[in-house]
Amino acid sequence: MSSHTAGTAAPDAGSATVRARDLMIAVAAALVALLALYAVFVDNGNLVSATGEYLHEFSHDGRHLFGAPCH
Amino acid sequence: MSDNSTPVQAPTPLPLLPVLGRGVLAGGAAGLVTGLFALLLAEPLMDKAIVAEEKRAAAEEAAAGHVHAAEEELFTRGTQHFGLVVTAVVVGLAVGVFFALVHAAVHRGRPAEGDGPWRRALLLAGAGFLALSLLPGLRYPANPPGVGDGGTVSERQALWVAALAVGVLGTVLAWQVQLRLARAGFGAPVRHTAAAGAVVLTVVALFLLPSNPDPVPVAPTLLWDFRVLSLAGHAVLWACLGGVFGALGLGRTSKTG
């Protein structure tokens with residue numbers, strides 16, 4: 001967190017660029033994380049139809065442990 | 001979460017990537033610890049529940065007068081045990097990403113001093129446990145294998161996601177209430193009581209959601225033990241996530257400052 005000391009001297013234009021870049025990183029990371037949670041907790045073979053029930057059955061015990069609905 | 005000692009100034013954007021890296025590292029470690037914890041303590045219960053389910057299914061079929069061959073399973077129980085650990089790591093990584101993003105958004109432009117990174121991380125982990133584990137878990141507690149009708153799974157998923165959303169909204173409400181009261185000059189007793197009121201309100205809102213429609217044909221002791229272990233697994237995940245994330249932040253502070 002305190003690595004900002006190196007960046008405080010940056011001019012406003014620079015900090016705006018950092019902010020825009022960070023926003024894109026944040027959105028991309030959130031999307032990937034959400035997709036992972038969906039695949040593990042919600043998907044019933046309809047995310048990638050080719051996976052069928054394999055993904056569901058592989059994460060079966062994890063679903064039960066974390067309290068996600070399962071069949 | 002209110003560092004009102006910091007003088008008001010244009011918030012300097014802290015680079016996001018190092019925070020995200022801490023979140024991923026802490027989340028992966030927390031997921032692995034949770035997975036091993038569950039493998040050791042919860043798996044024996046899940047195996048027991050599956051054996052009981054198979055016996056129940058066999059007895060029902062015998063009573064109905066026709067006997068099927070045992071249901072073909074995609075994976076052996078051994079593979080599913082391994083899957084539990086992998087799933088826990090994936091969940092830990094994903095939760096770690098969101099943890100880092102929320103942490104960065106809440107504390108944007110206000111670097112922590114001293115043991116601040118540790119306190120902030122533990123506080124956020126506690127909030128995460130309340131919002132995503134304890135509150136939704138009170139309404140829809142975890143069930144062992146053998147519970148859950150395939151026909152109601154979409155309905156139960158909608159209810160579960162709704163409970164997660166209500167848990168998050170209620171926790172944000174409690175935080176905002178105490179923050180605004182602090183800005184208005186109220187002392188800790190008033191702030192904390194008001195925040196507790198917001199949490200109680202959230203519990204009431206959760207119980208306005210429809211109940212889980214499925215029957216739970218499981219022995220009470222097995223059910224209780226499994227639910228306690230499930231909640232303990234959640235607690236292990238959040239505690240490790242907050243602890244590792246906070247410790248990594250401390251390391252940075254002591255090195256640079």
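Note that the structure is a prediction, hence the values are computed from the model and not measured. Each residue is numbered by its place in its chain's sequence as written, counting from 1. Chains carry letters and ligands carry numbers; both start at the beginning, A for chains and 1 for ligands, and go up in the order they are written. Residue-level local features of this predicted model are given only where pLDDT is at least 70; pairs of side-chain atoms are given and counted only at 80 or more, and the full residue set underlies all totals for whole chains, interfaces and linings. With hydrogens and water excluded, all non-hydrogen atoms of the structure serve as input to the side-chain values.

Let's talk about the overall build of chain A
Thought 1: By the criteria applied, helices consist of DSSP H or I runs no shorter than four residues and strands consist of E runs no shorter than two, each listed in order from the N terminus. In terms of helices and strands, chain A carries three helices and zero strands.
Thought 2: From first element to last, N terminus to C terminus, chain A shows the α and β order α-α-α.
Thought 3: Residue pairs in contact within chain A that sit at least 24 positions apart in sequence constitute 9% of those at least 6 positions apart.
Thought 4: Surface exposure here means Shrake-Rupley accessible area, sampled with a 1.4 Å probe, where a residue is shielded only by the protein chains that are shown. Working note: accessible area of chain A is about 3600 Å², and carbon and sulfur atoms make up 74% of it. By definition, residues are in contact when any of their heavy atoms lie within 4.5 Å.

Let's talk about the overall build of chain B
Thought 1: For chain B, the helix and strand inventory stands at seven helices and zero strands.
Thought 2: The order of helices and strands in chain B, counted from the N terminus, is α-α-α-α-α-α-α.
Thought 3: In the form shown here, chain B has an accessible surface area of approximately 13000 Å², with 69% of it arising from carbon and sulfur atoms.

Observations concerning the side chain of Arg63 of chain A
Thought 1: In this structure, Arg63 of chain A sits in helix α3 (residues 60-66).
Thought 2: Remark: exposure states derive from per-residue accessible area (1.4 Å probe, protein chains only) relative to the maximum for the residue type, with buried under 20%, exposed over 50%, and partly exposed in between. Residues scored as charged are limited to Lys and Arg (positive) and Asp and Glu (negative), so that His and the chain ends carry no count. Salt bridges are counted wherever a side-chain nitrogen of Lys or Arg sits within 4 Å of a carboxyl oxygen of Asp or Glu. Asp43 of chain A is the oppositely charged side chain nearest to the buried, salt-bridge-free Arg63 of chain A, at an N-O distance of 6.3 Å.

Observations concerning the pattern of salt bridges
Thought 1: What the rule picks out here adds up to six salt bridges over all chains.
Thought 2: A salt bridge links Asp115 of chain B to Arg119 of chain B, with the shortest nitrogen-to-oxygen separation between them at 3.3 Å.
Thought 3: Residue Asp115 of chain B is classed as partly exposed on the basis of its relative accessible area of 40%.
Thought 4: For Asp214 of chain B, the salt bridge is made with Arg156 of chain B, and the minimal N-O distance between the two is 2.9 Å. Here Asp214 of chain B, found in the loop between α6 (188-208) and α7 (220-256), pairs with Arg156 of chain B, found in helix α5 (residues 153-183); they are 58 residues apart in sequence, far enough to count as distant. Each member of the pair, Asp214 of chain B together with Arg156 of chain B, is buried.
Thought 5: Within this structure, Asp61 of chain A together with Glu43, Asp47 and Arg77 of chain B form a network of salt bridges that share partners.

Notes on a nonpolar patch on the surface
Thought 1: There is a patch of nonpolar side chains on the surface, built from Leu23, Val27 and Leu31 of chain A and spanning about 310 Å² of accessible area.
Thought 2: Its location among the elements puts Leu23 of chain A in helix α1 (residues 12-41). Exposure above 30% relative accessible area and the absence of a salt bridge qualify a residue for a patch, where like charges join within 9 Å and nonpolar side chains (Val, Leu, Ile, Met, Phe, Trp, Tyr) within 5 Å.

Quick word on the confidence of the model for chain A
All names here are of chain A.
Thought 1: For chain A, mean pLDDT is 78; residues scoring 70 or higher make up 70% of the total.
Thought 2: Within chain A, the lowest mean pLDDT, 86, falls on helix α2 (residues 54-58), and the highest, 94, falls on α3.
Thought 3: Every residue in residues 1-10 scores below 50 in pLDDT, and together they form 16 contacts with partners more than four places removed in sequence or on other chains. For every residue, the predictor assigns a confidence score, pLDDT, that lies between 0 and 100.

Considering the interface of chain A and chain B
Thought 1: Listed per partner, the contact involves 37 residues of chain A and 57 residues of chain B.
Thought 2: When two parts are put together, the accessible area they lose, computed with a 1.4 Å probe and summed over both, is reported as buried area. Here chain A packs against chain B, burying approximately 4200 Å² in sum over the two surfaces, 73% of which is carbon and sulfur.
Thought 3: One can count one salt bridge joining chain A with chain B.
Thought 4: When the shortest N-O distance is used, the salt bridge between Arg77 of chain B and Asp61 of chain A registers 2.9 Å.
Thought 5: Counting of polar contacts relies on pairs of N or O atoms within 3.5 Å, with two restrictions inside protein: one atom must be capable of donating a hydrogen and the other of accepting it, and residues adjacent in sequence are counted only when both atoms are side-chain atoms. At the boundary of chain A and chain B, one finds nine residue pairs in polar contact (both at pLDDT 80 or more).
Thought 6: Going through the elements one at a time, α1, α2 and α3 of chain A are the ones with two or more residues in the side of chain A that touches chain B.
Thought 7: Residues were grouped as follows: Ala, Val, Leu, Ile, Met, Phe, Trp, Tyr, Cys and Pro as nonpolar; Asp, Glu, Lys and Arg as charged; and all remaining residues, including Gly, as polar. Its residues assigned to classes, the side of chain A that touches chain B shows 19 nonpolar, twelve polar and six charged.

A look at the nonpolar core
Considering soluble globular proteins, one finds that nonpolar side chains tend to be buried as a cluster.
Thought 1: Among the nonpolar cores identified, the biggest contains 47 residues, and Phe41 of chain A together with Phe99 of chain B are the most heavily contacted of them.
Thought 2: Listed by contribution, the elements that provide at least two residues to this core are α1 and α3 of chain A together with α1 (16-41), α2 (43-64), α3 (77-106), α4 (116-139), α5 and α7 of chain B.
Thought 3: Considering every element that reaches this core, the biggest residue donor is α3 of chain B, with ten residues.
Thought 4: In this structure Phe41 of chain A touches Gly62, Arg63, Phe66, Ala68 and Pro69 of chain A together with Val91, Gln157 and Trp160 of chain B, once residues within four positions along its chain are discounted.
Thought 5: Core analysis: the next-biggest nonpolar cluster, separate from the first, contains six residues, Leu135, Leu159, Ala163 and Leu209 of chain B among them. In these notes, a set of buried Ala, Val, Leu, Ile, Met, Phe, Trp, Tyr and Cys residues joined through side-chain atoms within 4.5 Å is what counts as a nonpolar core.

Considerations on α5 of chain B
Thought 1: Multiplying 1.5 Å by the residue count of a helix minus one yields the expected span of that helix. In this model α5 of chain B runs 45 Å from its N-terminal to its C-terminal C-alpha over 31 residues, within 8% of the 45 Å that 1.5 Å per residue would give.
Thought 2: Immediately beyond the C-terminal end of α5 of chain B, within one or two residues, lies Gly185 of chain B, with a positive phi of roughly 95 degrees.

Some words on the packing of aromatic side chains
Residue and element names in this part refer to chain A.
Thought 1: Classification of ring pairs uses Phe, Tyr and Trp, with its six-membered ring standing for Trp, and accepts pairs whose centres are within 6.5 Å; under 30 degrees between planes counts as stacked, over 60 as edge-to-face, and the remaining range as tilted. Scanning the model with the defined rule gives six aromatic pairs over all chains in all.
Thought 2: Geometrically, the ring pair formed by Phe41 and Phe66 is edge-to-face, given 5.9 Å between the ring centres and 70 degrees between the ring planes. With Phe41 in helix α1 and Phe66 in helix α3, the pair connects residues that are 25 residues apart, well separated along the chain. Both residues of the pair, Phe41 and Phe66, belong to the buried class.

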